[in-house]
Each structure stands twice: as structure tokens, then as C-alpha cells.
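Take a look at the letters that make up each chain.
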Amino acid sequence: MNSYLDKLDKSWLHLDTIIVYGLGRTGEKLIGHLLNYLKLSIKLIIDNNPAVVAQGEYCGIKIKLLQQVSDNLLKNHKIIILTGAMAYESIADSLTEKGLKENLDYCSIEQFVPEYSWKKLNKVVLCQVGTSITTACTLKCRDCCMFTAKVKHYKTYDIGELKQDADAFFRVVDKVLCYQILGGEAFLHRNLAEYIEYLGERYGEQIGHIQILTNGTIIPETRTLEMCHKYDVFIRISDYSLQVPYNDVLKKLEEKLKKWNIKFSALRQMKWSDIGFPDRQKVWGEDDELIHQHMITCNRNCQQLNDQRYYFCGTFWGAVNGGLCNQEAEEFIELNDIDINSEEQRKMVLEYSLGNLSGKGYMSLCKVCNGFGNDNTISLDAGIQNV
């Protein structure tokens, strides 16, 4: 396959002032990375949410709706889209309608960060990685994309294992913009506070920001709250109260986070993409290129770090961990085997992070998983519990 680090036009290497599109949940942190780490200036922020635009500005940078921005301004500045994959598609369509071209005039943050950082700084910089610290969960969501309701034997990683994972990862990776702490339910882990402290103290300069994903069913202990406040951890709450009655706990959690001045978001989960696997799986054929494109279309930016291995897809790791599918050596990277003095091997990590996989070019699960891209139009109610 061709290099996935050569998608951007060469003019991207001569940036000075850019426009960013999207100031969502993580947009603030990403903007900080662009300003402080990559030393770029931001001319304007575009956002489709009138409530966000009503703020007027962020960090002294004006915020406008797309229709308020002149075509001349758009054509004279590179545009980096900070949103997730689903929103990216509609934004890209809007920019294309204005005569702009992908990877020439605009691109995703997921493409920009690794490619620009490699070519400009010779650094291995990733947008996001997640580590599951336990597969145990307080809920039994039937259609969980990590398959927690189907796991017969839960695993909780001890603090030593988690530290080894971080050490192996940051030996190879110079910086990651978002380091996610995942479950199961992350707040079940008794050493979560120690883990946050370890990440913050040892790798704070290599982490843009730390996130914890939670279903909001547990109030963290005081020591955990202290560490979340100290290291500016962002808490992402997935609200499943439409299926499980726990509004009182959610309210108490939000009050506790506000008291500790910990930033958080709470999103009520209404629908999930139906990935089909393993109960309603669809076989995507035997055409390797078609399946590879299906994987790229999925594009969840959900890379996983566990067992000192780096996985392109967290759902694949969940299926392997749950004993639902097997894995081959080419489907993950053994981080301890990477020679950090080899430019070729460091570059290989970046290629892999962008979906340029060796062998068949896709994760084996992709053949039977509907994925989360626009080629999967099947949805189901989120959070339905296994009885």
C-alpha cells in the first residue's frame, strides 16, 4: 500500500495561520495543542452550533458559523476539522460545495497531527489511545461494543501492569493528544487514583489531556477526585438512564464533579450503531480491498493500549479479550519490539495508527463487524440490559 503519511498536499508543511472547524467536547484541548505544541496561529474558529458561536470568541479567537465566513478567507487558509468521523463527513461536504478539496484545503485532525508532526518535527504524535483498566462493569449492556455482557471472566489489570503499558507506549510515542481511561467501568478500579497520578507525573508532557469514560453509576472516592482535579482530567459520562433507573446517582456524580471543579460532559445515550457481531454478524465478503475500505470508513479513532500492545481497534481488542475471536501477530504492534532508533519502525507505528496495516490490510473482525461508519445504517436502542 502507499504511505498514509503522504495524503496531505505539500503546501501543508508551510503553515502559519490556520482555521479550525469545531469547538466540541475536546476541541478546546486540541486547539491548545495546535497553539502550544505545533506553534500554529489560529485565524478563526468555525462551528455549526449557534450556541457556541454566540460565545463570540475562544481564547481571543473569533467563532463564526460557516455561512458568516467569506469564501476568500476560506480559500486562503488551511482548515483543520476537529470533530469526530460522523460530523466530519457533513462538514467536508459543506466545504467541498464551496470548491475546497480534501487534503489540499482542509483535512481531519486525525490525518493532520500524525503527518504534520512526523514531517515537520520528526515526532510520533497520535490523536488518541485508550487503555481498559478493567473489563468489569456495573451494567450489562447487551450491545456493548466492548462485549462486557458477553465476557465470562472479567479482568482487572493491576497497577503494575498498567504502568508497564504506559511505559511501553511512551517509549515509542512522543505525544498523544488524548489518553482515555476505559472500562468496563473505570471507577471500579481501586488503584485508579494512583494510575492517574503516575500518568500525570511521569508522562504529563507527553499527554495532551486525560479522559475517563464512565457510565455514571459510581461516585469516585475522594483520592480519585483529588487526582482528577490536580491533573485536569476530563470525565465523559454516558447516560443510560432511559434503560436503567439511576438518575439520582447521575445527579450526585455531576454535583460532586462540579464541587471539585472537574470538567465533564454528560451525554444521554439514545441510539447505538448495530455492529452485528457476534449475534447478528454480516459477512463482508472476501475482497481484501473492500474490507479494508470498510475498516477505514468505520474510522472510530479508538486505538487501544493493553498488554503492552497497540491495537488499531478497541472493539477488536474487546472481542479478543472476551474470547469471541482470535488475533494474528500482524493485527497489533508489540511495543517492546519497536526499535526507537529506527526511523522505519517509528514511521510504521504512525502508518498503523492511520489504518495502513500489513498483511491483508484490515483487522480480521472487520469481515464480520458492521462498524460505525456511514456504510452501516442499522441502529438500535442504547443500553438495553441483558436479563
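Summary of the structure given here.

Calculation rules
- Residues numbered from 1 in each chain as written.
- Predicted model: local features only at pLDDT ≥ 70, side-chain atom pairs only at ≥ 80, totals over all residues.
- Heavy atoms only, no water.
- Salt bridge = Lys/Arg side-chain N within 4 Å of Asp/Glu carboxyl O.
- Helix = DSSP H or I, 4+ residues; strand = E, 2+ residues; numbered from the N terminus.
- Buried < 20%, exposed > 50% of the residue type's maximum accessible area, 1.4 Å probe, protein only.
- Phe/Tyr/Trp six-rings, centres within 6.5 Å; stacked < 30°, edge-to-face > 60°.
- Lys NZ or Arg CZ within 6 Å of the ring centre and 35° of its normal.
- Core = buried A, V, L, I, M, F, W, Y, C linked by side-chain atoms within 4.5 Å.
- Contact = heavy atoms within 4.5 Å.
- Expected span 1.5 Å × (residues − 1).
- Arc of directions from axis to C-beta.

## Description of the pattern of salt bridges
It is possible for side chains bearing opposite charge to pair when their charged atoms get close.
Part 1 of the reasoning: For the structure shown, the criterion picks out 20 salt bridges.
Part 2 of the reasoning: Measuring nitrogen to oxygen at the nearest pair gives 2.6 Å for the salt bridge that ties Asp-381 to Lys-271. Pair noted here: Asp-381 is in strand β16 (residues 379-381) and Lys-271 is in strand β12 (residues 271-273), with a separation of 110 residues, a long-range link.
Part 3 of the reasoning: In this structure Asp-381 comes out as partly exposed when scored by relative accessible area, which is 35%.
Part 4 of the reasoning: For Lys-271, a relative accessible area of 51% corresponds to the exposed category.
Part 5 of the reasoning: Put simply, Arg-142, Asp-143, Asp-274 and Arg-280 are held in one network by salt bridges that share partners.

## Here's the deal with the packing of aromatic side chains
Part 1 of the reasoning: Under the definition given, this model contains 14 aromatic pairs.
Part 2 of the reasoning: Judged by centre distance (5.0 Å) and plane angle (85 degrees), the ring pair of Phe-169 and Phe-170 falls under edge-to-face.
Part 3 of the reasoning: On the accessibility criterion, Phe-169 (0% relative accessible area) is buried.
Part 4 of the reasoning: Under the relative-accessibility criterion, Phe-170 is labelled buried at 6%.
Part 5 of the reasoning: With a centroid separation of 6.2 Å and an interplanar angle of 85 degrees, the aromatic rings of Phe-312 and Tyr-352 are classed as edge-to-face. You can see Phe-312 sitting in the loop between β14 (309-311) and α11 (314-321) and its partner Tyr-352 sitting in helix α12 (residues 343-353), a full 40 residues away along the chain.
Part 6 of the reasoning: Three or more aromatic residues link up through ring pairs in this structure, and these residues are Phe-169, Phe-170, Tyr-179, Tyr-198, Tyr-203, Tyr-310, Phe-312 and Tyr-352.
Part 7 of the reasoning: The cationic tip of Lys-155 hangs over the ring face of Tyr-157; the distance from NZ or CZ to the ring centre is 4.6 Å.
Part 8 of the reasoning: Its end group placed over the ring of Tyr-37, Lys-175 keeps NZ or CZ at 5.0 Å from the ring centre.

## Points about the nonpolar core
Part 1 of the reasoning: Counting 87 residues, the largest nonpolar core has Phe-169, Tyr-179, Ile-181 and Ile-212 as the members making the most contacts within it.
Part 2 of the reasoning: Residues within four places of Tyr-179 in sequence aside, it is in contact with Val-129, Thr-131, Ala-166, Phe-170, Tyr-195, Leu-199, Ile-207, His-209, Ile-210, Gln-211 and Leu-305.
Part 3 of the reasoning: Residues Leu-8, Leu-38, Leu-40 and Leu-65 belong to the second largest nonpolar core, which totals 29 residues.

## Quick notes on helix α4 (residues 85-97)
Part 1 of the reasoning: An ideal rise of 1.5 Å per residue puts 18 Å on 13 residues; α4 measures up with 19 Å between its terminal C-alpha atoms.
Part 2 of the reasoning: Listing the buried residues of α4 in full gives Tyr-88, Ile-91, Ala-92 and Leu-95. Taken around the axis of α4, the buried residues stretch over an arc of 110 degrees, which confines them to a single face. When the buried face of α4 is taken as reference, the exposed residues oriented beyond 90 degrees from it are Met-86 and Glu-97.
Part 3 of the reasoning: For α4, the secondary structure elements touched by its buried residues are β1 (17-21), β5 (78-81) and β6 (106-108).
Part 4 of the reasoning: One or two steps after α4, the chain reaches Gly-99, where phi turns positive at roughly 90 degrees.

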